[in-house]
Every structure is written in structure tokens, then in C-alpha cells.
Amino acid sequence: MRRSFALGVVLLCYVGFFLIFLSWYHSSKYDGPIATHGTLDISHWNFAKDGEIQLNGQWMLYPGQILSPKDNLAKKKYQFMTVPTAKNGTENFKAVGSNTGTYRLLIHSDRNQVFGLQTSTIYSSNRIYVNGQFVGESGHPSTDHHMETSLRSYAAYFTLHKGDNELLIQTTRATGAVGWGISRPILFGTQQQISQKHDFILFNDLSVVISFFIIGLYFLGFFIQRTKDLYLLFFSIICLLFAVIISFISEARVIYLLFPNLSYAHLVIIESTSTLLIGIALLLYLYFAYPQLVSKKITYGVVTVSLCTLILDFLPLDQLTMIGLLLHTSSAVFTLAYAFYIFVLAIIQRVEGSVYLMIAALSMSIFVIMTTINVYIPKRLFALYSVSSLLFLLMLALLMSQRFSNAFKRSEHLTAELDQNNQIKDEFIAKISHEFRTPLNGIINIAQTLLASKKDRKISEEAEKLQMVTRIGYRLSDLVNDILDIEKLKHGTLAVRPVPLDVAAVVQAELAFYKLLAEKKGLYLVNQIPTDLPLIYADENRFRQIINNLVDNAIKYTQSGKITIRAKRNTDGVELIIADTGSGIPPSEMETIFHPFERKKVTQVEGTGLGLSIVKQLVALQKGKLWVDSEVGVGSIFHVVLPIIRSEHIIDSRLSTKHARHTHQSKGQIPAAKALITPHYSHSVKAPAILVVDDDLENLSILIDMLEGIPYNVTAVKNGKEALAELARAKPDLVITDLMMPGMSGFELCTKIRKQHRLTELPVLTLTAAINNEDKHLAFRAGANDILQKPYNFSEFAARIRGLILMKQAAAQATNMEVAFLQSQIRPHFLYNVLNSMIALSYEDIEKTRDMITQFAAYLRGSFDFQNTSSISSLKKELELVKAYLAIEKMRFGERVRVMLNVDGTLDFPLPPLMIQPLVENAVQHGIGKRKTGGQVRVTVRHEKNHYIIQVADNGVGMSQEELESVLDIANGRRSVGLKNINNRLKHFFGTELMIESRLGSGTTITMHLPDRS
């Protein structure tokens, strides 16, 4: 729009100026005497009052002849020729038939007086006689090869007598000249008038030439000192070329003062070369002075046309003269018009020196139009080119002076700013040193405390200190990341990867840590974000960084009260509002709080001053808005607006793995995302089972498609609540969950899973669009086995899944080997005792010995029945083993072992082997066996609220609290091998743990809960 307006202004100005000067040419009539039929009567003209005249009118022309006063002119053939001639050189040559000729004019005077004349342009050489006396010449007109050409203008003085006086002018035109004969009026007047006119023209032209020359040398010297500013070089070239051009287009033609013998051919070379070079220099000046406005294509095009024109100028063909003239004119007009257009465009865009540019553009237009009109018309016009060219030069010089002045002011300002930044840098280094020194000192103190503490302390006892070291390390990591982010933002290299985000879910996950910080300061952190907000389109990691910085800033500057986080939808997107009841921000600091390294000065809060600067730039990168409302003593409210997701965003943010739809097609038909109903169950195949959790139904469909194509048995749900319900129904081999979900986040889901299943029993793979060190730490602490960042590669995704499932299978094999190890631990010990008892009993009671052998055989048969064959037995088989064992022990110890079996005979359910018998054996050996009077072992099995409860109780010696806490630790002795193994398998198969209750001297009760999965 601006360029079109500028072009319109240029066209309007040029057309207007051209019409003004053209109408001036036609309206300005010559009022002096006119020659008719070769005679000019000046007897009635008052030179003292009316001034000099022009020798215009009908002259006698003797074509093809160089005549002198000695020749008998009365006998020579002549024709009348209007002076000055309006035709170009080629047309006159055709009309006259020759390049030579003699002009003759009779001047009738009524008195004897000294007069003078001032020539202007006579092609291409001339010699003047008055009354037979030679008065002046330019070049050497001749009909042969001795001709010398020159366009030098000069003044000549002579005496006119009363009556008729003869004026002869010999002319010779050079081949290729643009004019013929007398093409500009010859001034005629008294000696004093012509002398004054000649001096004025010479002074005027010399002043202009010298001015341009000096300014050109000045800026050339300036360029030598500042070679990187190329526009200075081209401006100096423009000035020097202007000096050359004016030296030969001016009336005085001052170039002949330096080169008196300069021929017309050499003048043409200088004229062609300089006029074309000045156009090129002007374009290059504009290109380097206003690079954002000038077109490269136009610059190259004009340079090409100028070079072609220069080649035509050197071709010795008369037919090309007019073509070359038109090309010169077109190139000059277009170049200067384009320069005028650039100047107008610069004025519209309010670049510095707009006033100077406007005046320069107008004066340049006047110069171009006047020069163009002077080329094509023979009439003498007032030399406005000198004023306009000097004004153009002055304005551009003032413009560049203003540039230098502004550059100096900017340099002074930058110097002051540099000093200030240097001071800020020193303060920042001091702040950073403090920010590093304080946490590093904390780490050193904690490490020294750990080294100085008792050597036998366990890691679990020092967990709080180690977690503190971890938190300090993450704090230092965040500080380094902030510094790196500032540098990336400064250089524009920080990339954002926007994805659909649920504001409530992300904020809820981030506030978990800050609630602890707020509670330590006695603050209330209130989350009032509704769960029904539309999804925003933002970079997840950077959005969380925005929340962290704003909430952390609010906690820092709030000493009491509360911090409230709200959100609402507005016309621009979703507006996040973080309000605090802190100290507030003074109005004088409102504009600087978002600058790097700036902090409030009203409190002694420590910090680097990077947070708000990073927030502002991150919001801007994601096409959002940020502003703050604050009142000192009341608090501050920060507003962040981020765009809502649109349909085109959904296409951009899809998983990079969606090509798996084509390369790994599922055997089953996957429903579209809109039609997907959760929980979704895939077609059953002989493969591991995977539970997938994602609130985005489209992503969920993609995951289903990918996993079924591998293949796996897939169960898909859309939130954590459905996931827990599916885990209660059936345990899969792997859980894949998104971290950021509304309601229950992936972090919370992992935590709940780990309460029932160990890492090796049920691996969890988490997916997220953004991940940082703190997220990894939180995810792994919550119980995730692995983290994969979106977008991810399909092969990596499949490999991670395969690795986690192989790990689970390896862990299951290790558990089975542990069962075998348990059996190897129990059997030799038990076998030796039973065999010793049978030997001793065989000497006393052979019948009891037979019964013991029978029970022992039953025990061995039950033991060998499931050993190394299956990981699952049944309740009835386990109870048969228990009964056989107790029968043997009762034969060995008699009434010291009393047994009570409280079992519903109809109950039977799957049960891993050796789950009850080791508990009973433990109760006999370590409970009632250590009492002289023995005791009772009670085994209870019952069904209750979708659970089976198995309880083994004794009234033996019991355990102390310290023994109870370490009973499951395998390092405490052999007796805990069985309990630890049972507890591990209970977690592995059922997601529950042994419950042990014991009192010293009162006995021990061990209970296990098994879910009813029938």
C-alpha cells in the first residue's frame, strides 16, 4: 500500500512539474526584434532600457560552403534558415544535404557603437566575422580533414556602424552530433551587457562545479575513514560526476577552461560515460543507504540498460544518434524518478531526515525536467539547474550530516547503556555467584554431615538429606537453563514445538512442588482453574516454564496471604491469571520488570532477574500476550493469554509416528477417534497385553493402531480412573500413559500403580510432549520405568516396549527361580528332621512310624507335584501339603503342637505354590516351638468382599518392634527367606503385601489378601 502511494506521488509530481515547465516555455514569448529575410533591424531597440536581445529569426544559410568576407556572397546560392534550429542534427543534415554551411545576417543600426555577442551551442565548430573582421571562433570549421570540433562558448566584442552590418558564422557539424548549426540563441547587446552576462554565467557555473567537486572530495575522504559505509563512496562519486556533467552542460562550458583543446568527440565520450555512471552511482547509493527499500532487480536492470547505451554511443553510426539520445534520456529520467520514489517511500516510512529528503526529491525533479526540456527545445531558459542541483546537493549533505549526528548521539547513548550494562553485568555476576554459592554451600554442608555421621547408618535413614541435595542440584540446573534460554532468545535460536495442552492438567502437575514451598512460608496456594477449558496450542515444556517462573516469582515476593491461579476463556484464547497478595510493583518499575537482570528494589529477595524476561519472550514466541496489574502494598496480577487450538493446529501436532498406520496395519478394524469408546479392547492374539492411557482420543487411536500392528493385546482407556479399574480387573504386561492428563495426571497414576506393583512386576512407559530434568526426576520417583518424548520414532517406540516386556519376563523367571531356591532352603532342613524322627520312633512304636512314613510320602508327593512345573497351584493342594506337614510335626512333638484349621471346605482358588506351608512352618519353628509348653497354630481361609483372606496365627513367643520392622529383610538371616519370597510373589501375582502383627510374648499373626478374579 505504501509503495503504491509513493509511486503515485512520484508520477503526479513528475507529470505536474513537466506540465508546469512546458507551459512556461510556451507562455514565455521573446519580445525583442526578429530577423526577417536575413536582416535584423535594431535601430528602434533601446538596449539601455530593454536589455540584450537574441539573434533569432530568418538567417541566410549557404549550405555546403565555408565562405569568408572576401568571397562574393551576392553570387552564392543561399536559403533562409530559422535560428535557432528546432530540428536535430540528422534531420537538418537531410534538409540541407551537408554538414557544413555559412550563416549570414545583416544587422541594421542607427548609430556607431561597440556591441558584443555571447555564443551558446553551435555544432560542432564555428568562426565569426563582423563587417569582415574576425571576432572569435570555437574549433576550426573546414570542409576537409583539417576540421577541429569544439562546443566552447565565448563572448566577442566589435563595433557596429550606422547602417547595415554583416555578421558571418562558419559552421561544421561532426558526424554523429545530436545538433546542427546554431541550436541555441545567440545573445546580442552592448559591450557592458554582454560582459556582465558572460561573467555571471561563468561565475554561476564555476560555483556549482567547485561546490560539487569539494563536497565529493570531502565525502571521499570520509569514506576512506569509514570504508564499511559504501553509500559514502557512491555519494562522493555522484558529487564528482555532477561536477563533470555541469561543466559541459552549463552555458559557460567551464570544462574548456581546464581542457581548451577538448574536441567534440572527446566531449561526447565524457558526456556519455559520466551521465550513465552517475545513474549507476545514484542507484548504488540508494541501495546501500536504503537497502530495505531498493529492489535488486531494478538496480541490475538499469545497470544493464546503461551499459548497452554506452556501447551504442561508441558506434560511429549517424542513425543511432537519436536512439542513443532517447536511451540516455530514458535512463536518466527513470533513474532519477526511481530515486525520487525511494525518497518518497523513505519519507512515508519516516526515516531520519525526512524533510531533507523531501526538498532533495523536489529539487532533483526540477533539475531532471529542466535538463530534459533544454535537450529537446532550442529556446533559452533560465538556468534553474544550478539552484536545484545545489539545493539537491545541500539537502543530501545535510541528510548525511544528520545521520552522522544521530549516529554520534546513538553512540553516546550506547556508550552510556554499555556502561550501565557493564554495571548490571557486574551485579549479575555477583548475584549469580551468590545464587551458586548458597546451594553449593548447602551441598558441602550436607556431604560433610554425612561423612561425619555414624558409618553404619543406612541410605534410607539419610534419604531426606539426599533428596535435599537433589533439589539443590535441580535448582542450580534451572538457573543454568535460564541463562542459556536468555542467550537463545537473544539470538533467536530458541525453538518452540506447540501441541494441544490441557491447562488444568499442566498447572495441577506443576503446583505440587510449589504447594510445599508456599506452606513453608505460611502461604496459601489456591488453584481455581476450571477443568472444562478448551485446549491451548503451546509448547508444553515452555508453558510449564512460564507457570513455574510466575508462581515462583509470586511466592518470592509474597510474605503473607495467598496466591491464586485462575483461568478463563476470552476472545484471544485462554487467559491464565496468577494473583498474589505480595508487596506489589511500583509504577516506576512497571516498564523494566520484563528486562533481563531487572529485579524489584523494594525487597531483599534474592534472584537473578531472568524469570520475567524469559516469560515475556516465551509468551511472545507462542503468539500470546502478557501484562501485569499491580498496586504497591496490595499485590500483583499477571495475565498470560495463549491461543486456543484450531483445526490446522491439530494437523500440525499429530504424532510423528502416524506413518505406522501404513507400514504396520492392524489385522483388526480401528475405530475413528470420534467413534472410539473406552475402554477399548483389541482382538485377542497370542501376545503380551498392554494398557494404554491417553486423554486425546486421536492419539489413543494412533497408539492402538501401532500396537495392534506389532502385534500386542491392547486395552485403551482415556483417563487414570479407567486405567485403575482395568488394572483391578486384569494385570497387563505393560502400561503406557501420557503424563499430562486432566483429572488424574500420569504422575498420580504411576504413584497409585506402584502402591500395588513393583517396577519389575508391572513396567510403566510414560509419554510426554516436553521433558526436563525435573520432570524426569518426578516421573521416576512416581514409579515410571521409562520416559519417551513426543514426537518419537516408531522403531524406538517399539524397542522401548519390547525392552520393558522382556525385563518383566526376566523378573518373573527370577521369581520362579526364587521359589525353587525357597524349596531348596526348606526341603533339606525338613527332610533331616523327619528322617531323624522316624528312626527314633521306629524303636518305640512301629505303627506310628508307619503313619509318619505315610504322611511324609504324602508331603513329598504334594511337593514334587508342582515343583518346576507350574507357577500356580491351588488352595486344596496347598492345604493338603499343610496338613501333611502338621501331621508329621504333631507326631514329632505330640501335644506341644496344637492345630486349628478354620477353612470352608467348598473354597478352592488358584494360588502360587508354597504360600501357606512356609508360614505354618515358620509359626511352628519360630513361634510355638520356642516355648516349652508349645502352643496353637490357627489357619483360617475365608471369602470376604471380593477378596480371599488367608491368615496364619500362633500364640508363640512373638517379636519385638525392631524384629518386626526388619522381618522381611533378607539380610537378617535365613528365617526371613521364606517370608520375603512369599511377600514378593504376593506383590507380583496379586498386587498386595503380607500384613504381620506381633507382640512379644503374645504371638504372631500373618495375613494375606488375594483378590477374587473369578
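The structure presented is a predicted model; accordingly, all values stated were derived computationally and were not measured. Per chain, residues are indexed from 1 in the order of the written sequence. The predicted origin of the model limits local features to residues at a pLDDT of at least 70 and limits the giving and counting of side-chain atom pairs to 80 or more, whereas totals for whole chains, interfaces and linings rest on all residues. Side-chain metrics rest on all non-hydrogen atoms present in the structure, leaving aside hydrogens and water.

The next point concerns the overall build of the protein. Numbering of helices and strands runs from the N terminus; a helix is a DSSP stretch of H or I covering at least four residues, while a strand is a stretch of E covering at least two. What the protein contains, in helices and strands, is 27 helices and 33 strands. Each residue is placed in one exposure class: buried if its accessible area under a 1.4 Å probe, protein chains only, is under 20% of its type's maximum, exposed if it is over 50%, and partly exposed if it falls in between. Per-residue burial over the protein gives 48% buried out of 1014 residues. Here the contacts in the protein between residues at least 6 apart in sequence split such that 74% fall between residues at least 24 apart. Where accessible areas are quoted, they stem from the Shrake-Rupley method and a 1.4 Å probe; at the residue level, only the protein chains shown are allowed to cover. Summed over its atoms, the accessible surface of the protein is roughly 49900 Å², and 58% of this surface lies on carbon and sulfur atoms. Whether two residues touch is decided by their heavy atoms; if any such pair falls within 4.5 Å, the residues are in contact.

Either a parallel or an antiparallel arrangement is found when strands of a sheet pair, and the pairing is made through backbone hydrogen bonds. By this definition, two strands are paired if DSSP reports at least two bridges between them. Pairing is mixed across the open sheet formed by 5 strands, whose spatial order is 15-17-18-20-19. The open sheet has two edge strands, strand 15 (524-527) and strand 19 (625-631), and neither has a second partner. When strand polarity is set aside, the average angle formed by the axes of neighbouring strands in this sheet is 15°. Helix axes are fitted only over the stretch in contact, all axes being lines through C-alpha atoms; the angle between N-to-C directions runs from 0 to 180 degrees. On top of the sheet, helix 14 (residues 540-556) reaches strand 15, strand 17 (562-570), strand 18 (573-580) and strand 20 (635-642); it is set at about 20° to strand 18, its chief contact.

What follows is about the side chain of S150. Along the chain, S150 falls in the loop between strand 9 (133-138) and strand 10 (155-160). Take S150: its relative accessible area is 5%, and that puts it in the buried class. Apart from residues lying up to four places away in sequence, S150 is in contact with I122, S124, S125, S138, G139, Y256, L262 and Y264.

Turning to the packing of helix 5 (residues 230-249) against helix 7 (residues 264-289), a few remarks are in order. Packing of helix 5 against helix 7 leaves a shortest axis separation of 8 Å and a crossing angle of 150°. One way to sum up the angle between helix 5 and helix 7 is to call them roughly antiparallel. The two elements helix 5 and helix 7 meet at a crossing, and its hand is left-handed. Residues belonging to the contact of helix 5 with helix 7 are distributed by class as follows: 21 nonpolar, 2 polar and 1 charged. Throughout this description, any angle smaller than 35 degrees is read as roughly parallel, any larger than 145 degrees as roughly antiparallel, any in the 65 to 115 degree range as roughly perpendicular, and the remainder as oblique. In a left-handed crossing the near helix is turned counterclockwise from the far helix by less than a right angle, and in a right-handed crossing that turn is clockwise. Classes in brief: Ala, Val, Leu, Ile, Met, Phe, Trp, Tyr, Cys and Pro nonpolar; Asp, Glu, Lys and Arg charged; the others, Gly included, polar.

Quick look at the side chain of N126 now. Looking at the secondary structure, you find N126 in strand 8 (residues 125-130). A polar contact is formed between the side chain of N126 and the side chain of Y154, at a distance of 2.6 Å. Apart from residues no more than four positions distant in its own chain, N126 is found in contact with E137, S138, G139, P141, Y154, I169, Q170 and T171. Pairs of N or O atoms are called polar contacts if they sit within 3.5 Å, as long as, within protein, a hydrogen donor faces a hydrogen acceptor (for residues adjacent in sequence, only side-chain-to-side-chain pairs).

Time to look at the sheet that holds strand 13 (residues 187-190). Judged by pairing direction, the sheet is antiparallel, and its 4 strands sit side by side in the order 2-13-6-10 without closing on themselves. The sheet terminates laterally at strand 2 (53-54) and strand 10, the two strands that pair on one side only. Sheet topology note: the strand 2/strand 13 ladder contains 2 bridges and is antiparallel. What sits directly across from Q54, in strand 13, is L187.

Helix length check: helix 24 (residues 875-893) (19 residues) gives 26 Å between terminal C-alpha atoms against 27 Å at 1.5 Å per residue, within 8%. For helix 24, every residue scored as buried is listed here: L875, E878, L879, L881, V882, A884, Y885, L886, I888 and E889. Once helix 24 ends, the next one or two residues include G894, with phi positive near 65°. A helix's residues, less one, multiplied by 1.5 Å, set its expected span.

The UniProt feature table records "modified residue: 4-aspartylphosphate" (unreviewed entry) at D738. If you trace the backbone, D738 turns up in strand 24 (residues 734-738). On the accessibility criterion, D738 (7% relative accessible area) is buried. UniProt positions are given in the numbering used here, feature names are shortened, and annotations may be inferred rather than shown by experiment.

What follows concerns the nonpolar core. Grouped together as the largest cluster of nonpolar side chains are 64 residues, with contacts concentrated most on V503, I529, F543, I565 and L576. Broken down by element, this core gets its largest block of residues, 8 residues, from helix 13 (residues 503-520). Those residues in contact with I565 that sit more than four places away from it in its chain are V507, L511, L525, V526, N527, Q528, I529, L576, I577 and I578. Each nonpolar core is a collection of buried residues, namely Ala, Val, Leu, Ile, Met, Phe, Trp, Tyr and Cys, held together in the definition by side-chain atoms within 4.5 Å. Within the second largest apolar cluster, 60 residues are counted, among which are A243, Y285, F367 and M395.

When you line up the elements, S263 lands in the loop between helix 6 (255-258) and helix 7. Of the residues examined, S263 reaches a relative accessible area of 18% and is grouped as buried. Each C-alpha atom of the pair S263 and L151 lies 8.0 Å from the other, and the pair is 112 residues apart in sequence. Side chain to side chain, S263 and H266 meet in a polar contact 3.1 Å long.

Moving on to the pairing of strand 32 (residues 995-999). Here strand 32 shows a buried face lined by I996 and S998 and an unburied face lined by M995, E997 and R999. Sheet topology places strand 32 next to strand 33 (residues 1003-1011); 5 bridges connect them, and they run antiparallel. Residue pairing for strand 33: R999 is matched across the bridge by G1003.

Once that is clear, we can look at the packing of aromatic side chains. Only rings of Phe, Tyr and Trp enter the pairing, Trp through its six-membered ring, and a pair is recorded when the two centres are within 6.5 Å. The plane angle decides the type: under 30 degrees is stacked, over 60 is edge-to-face, the rest tilted. Evaluation of the coordinates by the stated rule reveals 21 aromatic pairs. Seen from their ring centres, F219 and F222 are 6.5 Å apart, and the 20° between their planes marks the pair as stacked. Taken together, the residues span about one helical turn, with F219 and F222 both in helix 4 (residues 191-225) at a distance of 3 residues. Each member of the pair, F219 as well as F222, carries the same accessibility label: buried. Look at F334 and Y338: their rings are 6.2 Å apart centre to centre, the planes differ by 10°, and that puts the pair in the stacked class.

The patches described consist of residues with a relative accessible area above 30% and no salt bridge, like charges being joined within 9 Å and nonpolar side chains (Val, Leu, Ile, Met, Phe, Trp, Tyr) within 5 Å. By definition here, a salt bridge exists when the distance from a side-chain nitrogen of Lys or Arg to a carboxyl oxygen of Asp or Glu is within 4 Å. A grouping of V355, M358, I359, L362, L391, L394 and L398 is seen on the molecular surface, where their side chains present a nonpolar patch of about 520 Å² in accessible area. At the level of elements, helix 10 (354-376) and helix 11 (384-452) are the ones that each hand at least two residues to the nonpolar patch. In terms of residue count, the dominant contributor to the nonpolar patch is helix 10 (4 residues). With respect to the helices and strands, the residue L362 is situated in helix 10. For L362, a relative accessible area of 31% puts it in the partly exposed group.

Glancing now at unusual backbone geometry. Of note, the amide linkage connecting V83 to P84 takes the cis form, showing an omega dihedral of -5°. Inspection of the secondary structure assignment puts P84 in the loop between strand 4 (79-83) and helix 3 (89-96). The phi dihedral of R253 is positive, around 45°, even though this residue is not glycine. Residue position: R253 is located in the loop between helix 5 and helix 6. Given a relative accessible area of 10%, R253 falls into the buried group. If you check the backbone angles, N946 has positive phi at about 60° while not being a glycine.

Per the stated rule, a full pass over the model turns up 13 salt bridges. Note that R104 and E166 form a salt bridge whose closest N and O atoms lie 2.7 Å from each other. Here R104, found in strand 5 (residues 100-109), pairs with E166, found in strand 11 (residues 163-172); they are 62 residues apart in sequence, far enough to count as distant. Like E166, R104 is buried. For E722, the salt bridge is made with K718, and the minimal N-O distance between the two is 2.8 Å. For E722, a relative accessible area of 18% gives the class buried. Residue classification places K718 among the partly exposed positions, given a relative accessible area of 34%.

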